[in-house]
Amino acid sequence: MNTVLEYKSILMQGTLVTVSLAVLSLLLSVLLGLLAASLKLSSSRMGRRIGNVYVTLVRSVPDLVLMMLIFYGGQALVNHLGGLTGWWDYVDLNQFIAGVLTLGFIFGAYMAETFRGAILAIPAGQHEAAVACGMNRCQVFRLVTWPQMVRHALPGFSNNWLVLVKSTALVSVIGLHDLVWNAVSAGRSTQQLFSFLSAVLIIYLCITAISDLCLRKLDRRFSAGVERG
Amino acid sequence: MDDERSLLQYLQHISENVSPVDFYLIADNLDRFLAGALVTLQLTFLALLFGGLFAVPLAVARAARTPGLNPAIWGFTYLFRGTPLLVQTYLIYYGLGQFAVVRESFLWDPILSSPWWCVLIAFTLNTTAYTTEFLRGAILSVPNGEIEAARACGMSWWTRLRLVVLPGAFRRALPAYSNEVIFTLHGSVIASVVTLQDLLGVGRWLNGRYYLAYEGYLTAMVFYMIIVFGITRLFRLAERRYLGHLRPREHDELLPMTTSP
C-alpha cells in the first residue's frame, strides 16, 4: 500500500492521460455520431448507405482490432502515401492521437445509433409544425430537434460514455503511457502488481461513479417538465 | 487439385503485382486463423456458459432483495461493470502472483499460472456481472398479474420461479442477451494481450512475423464480422421462436371475416 502511495504522481499522470483521452475521443465521437446519424436519416441513398456501412462495420469488430489496424495500418498507410506523393517524410503517428482517432471513430458509430433513435423519437409533426411556422433548417434543429434529442439521447449517451471510459484502458496495449501502462510498469518494477492494479480498479471506479453522478444530474435537468413513467 | 493450385497461383499473382494486401499469405495461414477462431469461440462460449449459470441465482437473489446477499451482489456487479475488462484480466493473470500464498497453493500450477484459465476466469466474472444486472431487470419486469395468478393456483415460491417468473424473464432478456454475447466476443480479444493465440493473437503474430501492417488485423476483422453476423442471425431466429407473440402481425387474418356478409 505504501509503495503505491510512493508512486502516486505517476498514477496521477496516467489518470490525466486517460481522462483527457476519454474526453477528446468523446468530442470526436459526438461529432462523428451526429454526422453519421444525419447521413443515416438523410434522403440521399448514397448517404444512407455510407452511414449504414460505417455503423455496421464498426459495431461488429472488436475495438482492439480496429485500434491496432488504425495505429499500425494507419501509420503504414500515411507513410505509404507520403512516399508515393512525396508530400511528407516519415511520420511517426503519436499513440495519443491514434488513440483519440480510434476511440472517436469507434464510439462515433455507437453515438450515431443513439442519436438516430433520439431523433426518431421526436414526433414528426413537430418538425412539420416548425417548418410551417417559417423556420429554416438551422432554426428547426437548434430550437426544436436538438433540445428534445438531447433528452432522448442522454441514457444511451451515458452508457456509451461509460463504455468509452473503460475502453481507454486498451490504449496501453499500443504503448500509450496511460493509467494502466504506468501502473503495470510500476507494479513490475516493485513486484507488487496486485496492489497497483487494484489502485487502477479504484481509480476507474471513481471516474465512472463521478460521471454517473454528473450524467444523472444532467438527465434531471433535461427532463424538467417531463413526466417520468 | 488443379483448380486449387490455379487459385493459389492467381492469389500469388495479384498479391505480388496488384494489391497492397498480401492475399496469398493470408490464404497460406488460413489454418492458423481457423485455430485462432476456435480459441476465441471456445473462450466466449465457456465464459457465457459459466457466466449464465452463475448469473441466474445471483439475479434471483438480487430481484428478491435477499437481505445481506443483495448488497454483496450489487457490490460485485458494480465493481466488474465499472472497471475495464483488461485491468480485471491483468489483475488475475499478473496480480495474483504477488502473493506467496497463491503461488504455493494447489491452484497455481494447473490454473492460475496459465493464461487460458486466467482469461476464462476474468471473462466469466465479467459476463456474470452484466448478465446478473439485466436478468434482474427482466425478472422485475414480469407482470404482477402473472405472479398473482400463479399464487392463486397454489404454486409455491420455487414452482412459481421455475414455471412462471424465469421463463418469462428469459424471453424478455433475449434481446439484451444478444448484445451481451457480442460484447463478450468483442471482449475476448483481450486474450491476445496475455499471449493467447486467439483470432487477434494470430493476426498479431502474422504481422509481427512478416513485418506487415494490415494483413493480420484485416483477416481477424473479417473473421470477427462473420462470427458477429452469425450470432445476430441466430438470435433473430431465437427471437422469432420465443418472442413470436410480441411480433406485430404480418398479415391481417381478421380482414376476410369483417368484409364477408
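Residues numbered from 1 in each chain as written. Chains lettered and ligands numbered in written order. Predicted model: local features only at pLDDT ≥ 70, side-chain atom pairs only at ≥ 80, totals over all residues. Heavy atoms only, no water.

### What to know about the layout of surface pockets
Residues and elements named next belong to chain A. The condition is simple: Here a cavity means grid points, on a 1 Å grid over the protein atoms only, where a 1.4 Å probe fits yet cannot get out; a pocket means an open set of points with protein on both sides within 12 Å along at least five of seven lines; lining residues are those with an atom within 4 Å of a point. Grid points are joined across faces, edges and corners, and a volume is the space filled by probe spheres set on the points. Here a helix means four or more residues in a row that DSSP labels H or I, a strand means two or more in a row labelled E, and each is numbered from the N terminus.
Size it by volume and the second largest pocket reaches roughly 710 Å³. The wall of the second largest pocket is formed by 18 residues, among which Leu41, Ile119, His127, Phe141 and Thr145 lie closest to the centre. Where the lining of the second largest pocket is concerned, the elements lending two or more residues are helix H2 (8-41), helix H5 (95-120), helix H6 (124-132) and helix H7 (137-167). Broken down by element, the residue count for the lining of the second largest pocket peaks at five residues, all from H7.

### A word on the packing of aromatic side chains
Just so we agree on the cut-off: A pair of aromatic rings is counted whenever rings of Phe, Tyr or Trp (Trp by its six-membered ring) have centres within 6.5 Å, and the orientation is called stacked for planes under 30 degrees apart, edge-to-face for over 60 and tilted otherwise. Accessibility here uses a 1.4 Å probe with only protein chains present; expressed as a share of the type maximum, an area under 20% marks a residue as buried, one over 50% as exposed, and anything in between as partly exposed. Counting as a charge over the ring demands two things of the Lys NZ or Arg CZ atom: a distance within 6 Å of the ring centre and an angle within 35 degrees of the ring normal.
This structure, assessed with the given rule, holds 15 aromatic pairs over all chains. Residues B:Trp116 and B:Trp117 carry aromatic rings whose centres are separated by 5.4 Å and whose planes lie at 85° to one another, so their mutual orientation is edge-to-face. The class of B:Trp116 is partly exposed, set by a relative accessible area of 23%. Its relative accessible area of 37% is what places B:Trp117 among the partly exposed residues. Each member of the aromatic cluster is reached from another via a ring pair, and the members are A:Phe71, A:Tyr72 and B:Tyr217. Here the guanidinium or amino end of A:Arg188 rests over the ring plane of B:Tyr94, the centre of that ring lying 4.9 Å away.

### With respect to the environment of A:Val180
What counts here: Contacts are residue-level and defined by heavy atoms, with any inter-residue pair within 4.5 Å sufficient.
Relative to the elements of secondary structure, A:Val180 occurs in helix H8 (residues 179-190). A sequence separation of 159 residues divides A:Val180 from A:Leu21, and the C-alpha atoms of the two residues are 13 Å apart. For A:Val180, the contacting residues outside a window of four places in its chain are A:Ala169, A:Ser172, A:Val200, A:Tyr204, B:Leu86, B:Val87 and B:Tyr90.

### Considerations on helix H3 (residues 45-60) of chain A
As a reminder of what qualifies: A helix is expected to span 1.5 Å multiplied by its residue count minus one.
The terminal C-alpha atoms of H3(A) lie 22 Å apart, and with 16 residues this matches the ideal 22 Å at 1.5 Å per residue to within 8%. Within H3(A), burial applies to A:Gly47, A:Gly51, A:Tyr54, A:Val55, A:Val58 and A:Ser60. Where H3(A) is buried, its residues touch H2, helix H4 (63-85) and H5 of chain A together with helix H10 (157-187) and helix H12 (215-242) of chain B.

### Quick word on the pattern of salt bridges
Residue and element names in this part refer to chain A. Which entries qualify depends on this criterion: The salt bridge definition used is simple: a Lys or Arg side-chain nitrogen within 4 Å of an Asp or Glu carboxyl oxygen.
Applying the stated criterion to the full structure yields six salt bridges over all chains. Among the ionic pairs, Lys40 bridges to Glu113, the shortest N-O distance being 3.0 Å. Here the residue Lys40 occupies a position in helix H2, and Glu113 occupies one in helix H5, the gap between them amounting to 73 residues. For Asp212, the salt bridge identified is with Arg216, shortest N-O distance 3.1 Å.

### Quick look at the side chain of A:Thr168
In plain terms, the rule: Pairs of N or O atoms within 3.5 Å make up the polar contacts considered here, provided that, within protein, one atom can donate a hydrogen while the other can accept it, and that residues adjacent in sequence are counted only when both atoms are side-chain atoms.
Considering the arrangement of structural elements, one finds A:Thr168 in the loop between H7 and H8. A distance of 2.4 Å separates a polar side-chain atom of A:Thr168 from the backbone oxygen of A:Val165.

### Some words on the confidence of the model for chain A
Stated precisely, the cut-off is as follows: One number per residue, pLDDT, summarises how confident the predictor is, and it ranges from 0 to 100.
Model confidence for chain A is summarised by a mean pLDDT of 89, while 98% of its residues fall at 70 or above. Across chain A, the secondary-structure element scoring lowest on mean pLDDT is helix H1 (residues 2-6) of chain A, at 81, and the one scoring highest is H2(A), at 93.

### Topic: the interface of chain B and chain A
What counts is decided by this rule: As used here, buried area is the combined drop in accessible area, with a 1.4 Å probe, of two parts when they are placed together.
The interface of chain B with chain A comprises 33 residues on the first partner and 37 residues on the second. The contact between chain B and chain A buries some 3,200 Å² in all, and 79% of this surface belongs to carbon and sulfur atoms. If you sort the residues of chain B by the area they bury against chain A, B:Leu91, B:Gln98 and B:Tyr217 come out on top, with a joint share of 18%. For the interface between chain B and chain A, the tally reads zero salt bridges. Applying the counting criterion to the chain B and chain A interface returns eight residue pairs in polar contact (both at pLDDT 80 or more). The biggest single contributor to the side of chain B that touches chain A is H12(B), with seven residues.

### A short note on the packing of helix H8 (residues 115-140) of chain B against H10(B)
Residues and elements named next belong to chain B. Put simply, the rule is: Fitting a line to C-alpha atoms yields each axis, with helices limited to the stretch in contact; the angle taken between N-to-C directions then spans 0 to 180 degrees. Here a crossing is called left-handed whenever its near helix is offset anticlockwise from the far helix by less than a right angle, and right-handed whenever the offset is clockwise. Under the convention adopted here, Pro, Cys and the residues Ala, Val, Leu, Ile, Met, Phe, Trp and Tyr are nonpolar, Asp, Glu, Lys and Arg are charged, and Gly plus all remaining residues are polar.
Two elements in contact, H8 and H10, have axes separated by 9 Å at closest approach and are oriented at 150°. Crossing of H8 over H10 shows right-handed handedness. Residues Phe123, Thr127, Tyr130, Thr131, Phe134, Leu135, Ala138 and Ile139 of H8 form the contact with H10, whose participating residues are Val165, Leu166, Ala169, Phe170, Arg172, Ala173, Ala176, Tyr177, Glu180, Thr184 and Gly187. Its residues placed into classes, the contact of H8 with H10 shows 13 nonpolar, four polar and two charged.

### Brief notes about the environment of B:Tyr78
By secondary structure assignment, the location of B:Tyr78 is in helix H4 (residues 69-81). When residues no more than four places from it in sequence are discounted, the contact partners of B:Tyr78 are A:Leu205 and A:Ala209.

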